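Report on the structure
Here is how the chains run, residue by residue.
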Amino acid sequence: GGWFPLLVAAGMFSLMTTWYTGRALVAQSIRRNDIGLQPYVEGVQRSKHPPVRVPGTAVYLFSTPGLTPPAMVANVRHNDVLHAQVVVLAIETALTPRVLPAKRSRVQHLGEGIHQVILRYGFLEDPDVPRGLAQGDAAKLAINSSTAAYFLGAESVSRDPNTGMATWREHLFVFLSRNATPAAAYFGLPADRTLTLARAVTI
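Okay, so let's go over this structure. (Residues numbered from 1 in each chain as written. Predicted model: local features only at pLDDT ≥ 70, side-chain atom pairs only at ≥ 80, totals over all residues. Heavy atoms only, no water.)

The geometry of an aromatic ring pair comes down to the distance between the two centres and the angle between the two planes. Per the counting criterion, the structure on display carries two aromatic pairs. Measuring from centroid to centroid gives 4.6 Å for Tyr60 and Phe151, while their planes differ by 20 degrees, and the two rings are stacked. Pair noted here: Tyr60 is in strand β1 (residues 52-61) and Phe151 is in strand β5 (residues 149-158), with a separation of 91 residues, a long-range link. This pair shows no difference in class: Tyr60 is buried, exactly as Phe151 is. Taking the centre distance of 5.1 Å and the plane angle of 75 degrees together, the rings of Tyr186 and Phe187 count as edge-to-face. Taking the relative accessible area as the measure of exposure, Tyr186 reaches 48% and is therefore partly exposed. (Phe/Tyr/Trp six-rings, centres within 6.5 Å; stacked < 30°, edge-to-face > 60°. Helix = DSSP H or I, 4+ residues; strand = E, 2+ residues; numbered from the N terminus. Buried < 20%, exposed > 50% of the residue type's maximum accessible area, 1.4 Å probe, protein only.)

What follows is the structure in structure tokens.
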């Protein structure tokens, strides 16, 4: 009977390593076109035809501070608009179980109503973005959580048999990606004010 726990352990190990490797390949594909946030903001400000600024607050979630969210780039490119207040938001996990609300956030002002915000959560906490933006330094931005729009980037993953992982692992990763918990639900975002912009990624 000793084979059964070994089989379960091997299955769990395969799932975890496939997910980790797949996410690394997706991140590598996305980062090929990285744009620094500060240079992007300065470029928008200097543009001969800057985007139209519309009333309200837009919150763009992106995992890496200092980089421009692809959803923000796509929105400016295709719709030629930016909200009057723009928050580029990254989430960090602290090494402590919990983070005090007063120390929840850090804010960097980039000019023209655009801000980089980092929210920190302990490893036992579930992130709640609307509530987090009202705690710590971010509270000074006075974001109206009942009217703010939230923008997420997502990946539509497909496999390339000539690159990436082994075929069976690529199939497994695509399956896991399609059945993962939606980011909007994980971050506590209101469904009626959250927009997800997807991009095709091949691994």
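Right, let's talk about the nonpolar core for a bit. As a rule of thumb, soluble globular proteins bury nonpolar side chains together. With 18 residues, the main nonpolar core has Leu61, Val87, Leu89, Val117, Val129, Leu133 and Leu189 as its most contacted residues. Those elements that provide at least two residues to this core are β1, β2 (81-93), β4 (114-121) and β5. Beyond its immediate sequence surroundings of up to four residues, Val87 is in contact with Thr57, Ala58, Val59, Tyr60, His115, Val117, Leu133, Leu141 and Ile143. Of all hydrophobic cores here, the second largest spans 17 residues; its members include Leu37, Tyr40, Leu82 and Ile114. (Core = buried A, V, L, I, M, F, W, Y, C linked by side-chain atoms within 4.5 Å. Contact = heavy atoms within 4.5 Å.)

Before going further, it helps to spend a moment on unusual backbone geometry. Unusually for a residue other than glycine, Asp80 sits at a positive phi of about 55 degrees. Tracing the sequence through the fold places Asp80 in the loop between α3 (70-79) and β2. Judged by relative accessible area, which is 37%, Asp80 ranks as partly exposed.

In an α-helix, one turn spans 3.6 residues, which is why side chains three or four residues apart end up on the same side. By the burial criterion, the buried members of α3 are Ala71, Met72, Val73, Ala74, Asn75 and Val76. One or two residues past the end of α3 sits Asp80, with phi positive at roughly 55 degrees.

Moving on, we get to the pattern of salt bridges. Using the criterion set out here, one finds two salt bridges in the structure. In this structure, the salt-bridge partner of Arg106 is Glu92, at a minimum N-O distance of 3.8 Å. Taken together, the residues span a long stretch of sequence, with Arg106 in strand β3 (residues 105-111) and Glu92 in strand β2 at a distance of 14 residues. (Salt bridge = Lys/Arg side-chain N within 4 Å of Asp/Glu carboxyl O.)

For helix α5 (residues 167-178), with 12 residues, the first-to-last C-alpha span of 17 Å sits near the 16 Å given by 1.5 Å per residue. Here α5 has its buried residues at Arg169, Glu170, Leu172, Phe173 and Val174. (Expected span 1.5 Å × (residues − 1).)

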